[in-house]
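Commentary on secondary and tertiary structure
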Amino acid sequence: MKQKLYLYSRFERLWHWAQAILIIFLLLTGFEIHGSLELFGYEKAYLWHVYAGVALVVLTAFAIFWHLTTGAWRHYWPVKEKIPQICYYYAVGIFRGEPHPFEKRPDQKLNPLQRLAYLLLKLILYPLQFITAFLLVSYQWWPQLGIKTTFQKVAYYHTAGAFAFLFFLIIHAYLSTTGRPWYSHLRGIILGWEEVGC
Amino acid sequence: MAVTSNWCRCTSCHAGYGWKDKNFDFSEEKIDCLVCHDTTGTYKKFPTDCGYPPLKDKLFAGKKLFKAVNLSYVAQHVGHTTRESCGKCHFYSGGGDGVKRGDIDSTLIAPSKEIDVHMDAKGLNFTCSTCHTTVAHEIDGRHYDSPAPGRRELAFPRYEGHRVRCESCHGVRPHKPSKKLFDWRLVKLNDHTDRVACQTCHIPLYARGKPTNIYWDWSTAGRHKDGKPIVKKGPFGRPEYHTKKGTLKWGKNLVPVYFWYNGTYSYVLPGERVEKREPVVIIRPNGSAEDPEARIFPFKPHFGKQPYDPVNKLLIVPKLFGPKGSGAFWAEFDWKKSAAAGMAAAGLPFSGQVDFIETVYYHALSHMVAPKDKALKCEACHIRQGGRLANISGVYLPGRDRLVELDKIGQALCLIALLFVSVHGLARIIISLKRK
Ligand code: HEM
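Residues numbered from 1 in each chain as written. Chains lettered and ligands numbered in written order. Predicted model: local features only at pLDDT ≥ 70, side-chain atom pairs only at ≥ 80, totals over all residues. Heavy atoms only, no water.

**Observations regarding the overall build of chain B**
The helix and strand inventory of chain B stands at 13 helices and 14 strands. Split into buried and exposed, the 436 residues of chain B put 49% on the buried side. A fraction of 69% describes how many contacts in chain B between residues 6 or more apart in sequence connect residues 24 or more apart. Surface summary for chain B: the accessible area is close to 21400 Å², and the carbon and sulfur share equals 59%. (Helix = DSSP H or I, 4+ residues; strand = E, 2+ residues; numbered from the N terminus. Buried < 20%, exposed > 50% of the residue type's maximum accessible area, 1.4 Å probe, protein only. Contact = heavy atoms within 4.5 Å. Areas by Shrake-Rupley, 256 points an atom, 1.4 Å probe, with all protein chains shown as cover.)

Here you go:
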């Protein structure tokens with residue numbers, strides 16, 4: 001039995017897509033700064049990267065505020081159940097047409113694997129990228145701030161973080177097509193409403 | 001006038017290397033200076049129109065005059081200096097207009113803003129001494145002090161008026177927004193000045209006025225045609241071959257080379273043994289990333305081929321000018337005789353053998369600052385390969401540098417992920433098609 005659920009509020013959708021665009025843009029400009037791409041020209045790539053980075057920080061600050069005030073942070077609280085079943089589903093079940101072992105509900109819209117992945121993203125990758133980014137832009141003031149490291153090291157961590165983001169993005173974008181029909185998850189995050197069940 | 005003869009910068013005309021500071025014994029070099037003057041005298045392009053009488057070598061033969069050289073004398077006699085008065089020597093160093101340095105030539109008498117924003121005749125119209133302030137008649141520069149005096153900061157009167165650094169007038173963070181309150185781009189440009197010299201970005205090309213000599217091969221000098229000396233003009237109207245000088249190459253609008261430079265040079269001194277590891281660097285800028293005074297600085301490399309004594313491993317100081325019978329190269333065109341005479345005069349041993357060796361001098365570039373819109377673009381340096389700073393070590397230069405292993409691992413993981421999702425997706429598509 002199919003059911004239409006309102007899963008993602010307007011703020012969440014806005015946040016999600018702004019974040020997606022910013023991260024893709026940060027990846028493009030970042031890897032141009034890195035020397036792997038040539039798209040905008042170095043100067044623009046660098047400036048826009050920093051502007052987009054600041055925008056992402058501001059957006060994230062809003063999102064943290066939103067999650068705390070609405071209690072939506074609970075969606076990311078990790079749970080143990082069903083993780084093996086979900087892994088089995090993506091490895092085998094999905095090809096056999098079996099149903100997803102996890103059923104989305106407005107009060108638990110993220111499956112346990114998602115929870116884990118997003119939690120890692122938010123607790124490790126974001127801070128890593130933001131802290132290194134802060135160091136990169138502030139390196140002229142390190143002596144005053146009492147920071148002792150080398151620009152090179154920080155840049156390496158920032159680059160490593162960038163690769164992790166790219167990795168995440170590939171998997172994440174693909175998994176978004178695994179709904180039934182394939183665009184149902186996408187529709188959910190665009191319109192807010194998603195058909196769940198089968 | 002007489003002073004000129006000593007200041008002629010003979011050092012580049014021949015192996016009169018190591019002319020490092022004012023303590024250098026000029027009396028040893030006097031003959032070489034005459035040589036220089038002969039060159040300029042016969043050099044057709046030498047402008048005699050600036051109220052400057054034609055140079056006559058004989059006039060300068062007096063030894064006393066050579067000893068009397070000092071810059072304060074020059075400064076006093078040129079009075080309130082004009083660009084011409086300094087330029088009489090400096091534009092023609094190396095024996096011709098712009099020969100030696102790629103950034104000081106006769107176009108600076110009345111340059112456009114395009115050539116030099118400071119000496120722009122219709123604009124700022126600086127004279128040389130606007131920057132090269134003279135304190136107690138000592139012209140600021142590396143001649144009296146090495147490195148040049150003054151600090152890299154605004155030159156307030158309490159610093160005795162030394163003003164020969166770009167920072168003396170512009171400060172260390174010279175890029176300020178004119179309209180906006182804050183401009184991150186300019187902040188970033190300012191962040192460079194602790195490592196990158198102003199000149200590096202603001203002198204994107206050298207020899208923008210007159211062509212400069214980039215290669216000087218003495219080994220071919222002395223050829224004659226039907227008993228007559230040969231002068232063959234090449235591109236830019238400059239000699240490609242000259243019996244007295246050898247093979248010459250010229251260039252215009254050239255890209256500098258870059259080194260760490262703290263304002264001092266290392267020189268190969270006369271009598272210093274040099275291994276035949278070519279090219280021998282005769283004037284080498286000092287400095288490294290660890291040196292807080294050093295900046296990445298632009299240089300003109302001046303390549304050449306000079307006489308060399310392969311047995312004693314010495315650069316030869318040849319005798320060039322003199323009457324027949326003295327061994328002078330320009331009278332007899334015999335390197336062995338000329339070397340014997342020159343080395344004897346320099347008090348150095350000579351084995352009797354003359355070989356030729358590739359050499360290079362580096363000249364720091366500080367003039368012909370281009371208009372601001374011609375300053376180097378980010379990509380000139382921040383590029384994976386072939387950038388201007390490709391050979392600069394000791395800094396992490398984003399875009400050029402990376403941790404190759406990290407890139408490999410990152411790329412590999414992302415590729416694996418991509419492959420994995422592609423296979424997974426393809427399998428899903430195939431299965432769903434079959435099901436239909
Ligand atoms: C998803 C987030 C981000 C990604 C994927 C990312 C990616 C990258 C990459 C690949 C580089 C090149 C690193 C190098 O070659 O050294 C870079 C450089 C840089 N990033 Fe980010 N970045 C992100 C967020 C940020 C943020 C939030 C800021 C802060 C405003 C920032 C500021 C910088 C700066 C200043 C550089 C230049 C310094 C350098 O080359 O290391 N980045 N970024």
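Moving on from the coordinates now.
**Digging into the overall build of chain A**
Along chain A, the regular secondary structure elements total 7 helices and 2 strands. For chain A, the α and β elements follow one another from N to C terminus as β-α-α-α-α-α-α-α-β. Within chain A, the proportion of its 198 residues that are buried is 42%. Counting only contacts in chain A whose residues sit at least 6 apart along the sequence, the fraction spanning at least 24 positions is 65%. Per element, the accessible surface of chain A, about 11200 Å² overall, is 71% carbon and sulfur. In chain A, 18 positive and 10 negative side-chain charges are present, and the distance between their average locations comes to 5 Å. (Lys, Arg positive; Asp, Glu negative; His and termini not counted. Charge placed at Lys NZ, Arg CZ, Asp CG, Glu CD.)

**Digging into unusual backbone geometry**
In most cases, non-glycine residues show a negative phi, while peptide bonds are predominantly trans. All names here are of chain A. Note that the residue after Arg180, namely Pro181, is joined by a cis bond; omega there is -10°. Mapped onto the secondary structure, Pro181 falls in the loop between helix H6 (151–175) and helix H7 (184–191). Phi angles above zero are rare outside glycine, and Lys82 is one such case at about 65°. Of note, Lys82 is situated in the loop between helix H2 (42–70) and helix H3 (83–96).

**A short note on the interface of chain A and chain B**
Facing 34 residues of chain A, the contacting portion of chain B comprises 30 residues. Both faces combined, the contact of chain A with chain B buries some 3000 Å², and carbon together with sulfur accounts for 66% of it. When the buried surface of chain A facing chain B is broken down by residue, Tyr42, Phe95 and Tyr174 of chain A rank first, second and third, together holding 23% of it. With a closest N to O distance of 2.5 Å, Glu43 of chain A and Arg185 of chain B form a salt bridge. (Buried area = accessible area lost by both parts, 1.4 Å probe. Salt bridge = Lys/Arg side-chain N within 4 Å of Asp/Glu carboxyl O.)

**Focus on the pattern of salt bridges**
Residues and elements named next belong to chain B. Under the defined criterion, the tally for this structure stands at 16 salt bridges over all chains. Between Lys232 and Glu240 there is a salt bridge, with its nearest N and O atoms 3.2 Å apart. For Lys232, a relative accessible area of 48% puts it in the partly exposed group. Here Lys313 makes a salt bridge to Glu275, at a shortest N to O gap of 3.6 Å. Within this pair, whereas Lys313 is found in the loop between strand E12 (295–309) and strand E13 (314–315), its partner Glu275 is found in the loop between strand E10 (265–267) and strand E11 (280–285), the two being separated by 38 residues in sequence. By sharing partners, the salt bridges in this structure join Glu114, Asp373 and Lys374 into a single network.

**Here's the deal with a nonpolar patch on the surface**
Among the surface-exposed residues, Ile24, Leu28, Leu37 and Leu39 of chain A lie close enough to one another that they form a single nonpolar patch of about 310 Å² accessible area. Residue Leu28 of chain A is classed as partly exposed on the basis of its relative accessible area, which comes to 34%. (Patch = residues over 30% accessible without salt bridge, like charges linked within 9 Å, V, L, I, M, F, W, Y side chains within 5 Å.)

**Overview of the coordination of the iron atom of the ligand**
With distances of 2.0 Å, the protein atoms coordinating the iron atom of the ligand are His49 of chain A (NE2) and His158 of chain A (NE2). When its relative accessible area of 15% is taken as the criterion, His49 of chain A is described as buried. (Donors = N, O, S within 2.8 Å, 3.2 Å for Na, K, Ca; no water.)

**Thoughts on the pairing of strand E14 (residues 355–364) of chain B**
Within a regular strand, side chains alternate between the sheet's two faces. Residue and element names in this part refer to chain B. Counting buried residues in E14 gives 8 out of 10 residues, a clear majority hidden from the surface. For E11 and E14, the ladder comprises 3 bridges, and the chain directions are parallel. Counterpart to Val280 in the pairing with E14 is Thr359. Sheet analysis places E12 next to E14, joined by 10 bridges and oriented antiparallel. In the sheet register, Pro301 faces E14, and the bridge partner there is Tyr362. (Pairing = 2+ DSSP bridges.)

**What about the site of the ligand?**
His34, His49, Ala133 and His158 of chain A together with Tyr396 of chain B are the nearest of the 25 residues found near the ligand. Residue Tyr396 of chain B places a side-chain N or O atom 2.8 Å away from an oxygen atom belonging to the ligand. (Near = heavy atom within 4 Å. Polar contact = N/O pair within 3.5 Å; in protein donor to acceptor, adjacent residues only side chain to side chain.)

**Notes on the packing of helix H1 (residues 10–34) of chain A against H6 of chain A**
Residue and element names in this part refer to chain A. Contact pair H1 / H6: the axes reach a minimum separation of 11 Å and the direction vectors enclose 135°. When the axes of H1 and H6 are compared, the pair comes out oblique. Classified by chirality, the crossing of H6 by H1 is left-handed. Residues His16, Ile23, Ile24, Leu27, Phe31 and His34 of H1 form the contact with H6, whose own contacting residues are Thr159, Ala162, Phe163, Phe165, Leu166, Leu169 and His172. A breakdown of the residues in the contact of H1 with H6 according to their chemical character gives 9 nonpolar, 4 polar and no charged. (Axes fitted to C-alpha atoms, helices over the stretch in contact; angles between N-to-C directions. Parallel < 35°, antiparallel > 145°, perpendicular 65-115°, else oblique. Left-handed = near helix turned anticlockwise from the far one by under 90°. Nonpolar A, V, L, I, M, F, W, Y, C, P; charged D, E, K, R; others polar.)

**Here's the deal with helix H11 (residues 335–346) of chain B**
All names here are of chain B. Across its 12 residues, H11 extends 16 Å between first and last C-alpha, which sits within 8% of the 16 Å expected from 1.5 Å per residue. Residues Trp335, Ser338, Ala339, Ala341, Gly342 and Met343 constitute the buried set of H11. Here the buried face of H11 lies against E12, E13, helix H10 (329–332) and E14. The opening residue of H11 is Asp334, an N-cap whose side-chain oxygen sits 2.8 Å from the backbone nitrogen of Lys336. (Expected span 1.5 Å × (residues − 1).)

**Some words on the pairing of E11 of chain B**
Residues and elements named next belong to chain B. In terms of burial, E11 is a largely internal element, 5 of the 6 residues being buried. Note that E10 and E11 share 3 bridges and pair antiparallel. If you follow Ser266 over to E11, its bridge partner there is Arg284.

**Description of the nonpolar core**
Core analysis: the largest hydrophobic core is formed by 25 residues, its most contacted members being Ile23, Leu27, Leu56, Leu121, Tyr126 and Phe165 of chain A. Elements that contribute at least two residues to this core include exactly H1, H2, helix H4 (112–137) and H6 of chain A together with helix H13 (404–435) of chain B. Those residues in contact with Tyr126 of chain A that lie beyond four places of it in its chain are Gln19, Ile23, Leu56, Thr60, Leu121 and Phe165 of chain A. Counting residues in each nonpolar core, the second largest holds 19 residues, with Val280, Leu315, Val360 and Ala364 of chain B among its members. (Core = buried A, V, L, I, M, F, W, Y, C linked by side-chain atoms within 4.5 Å.)

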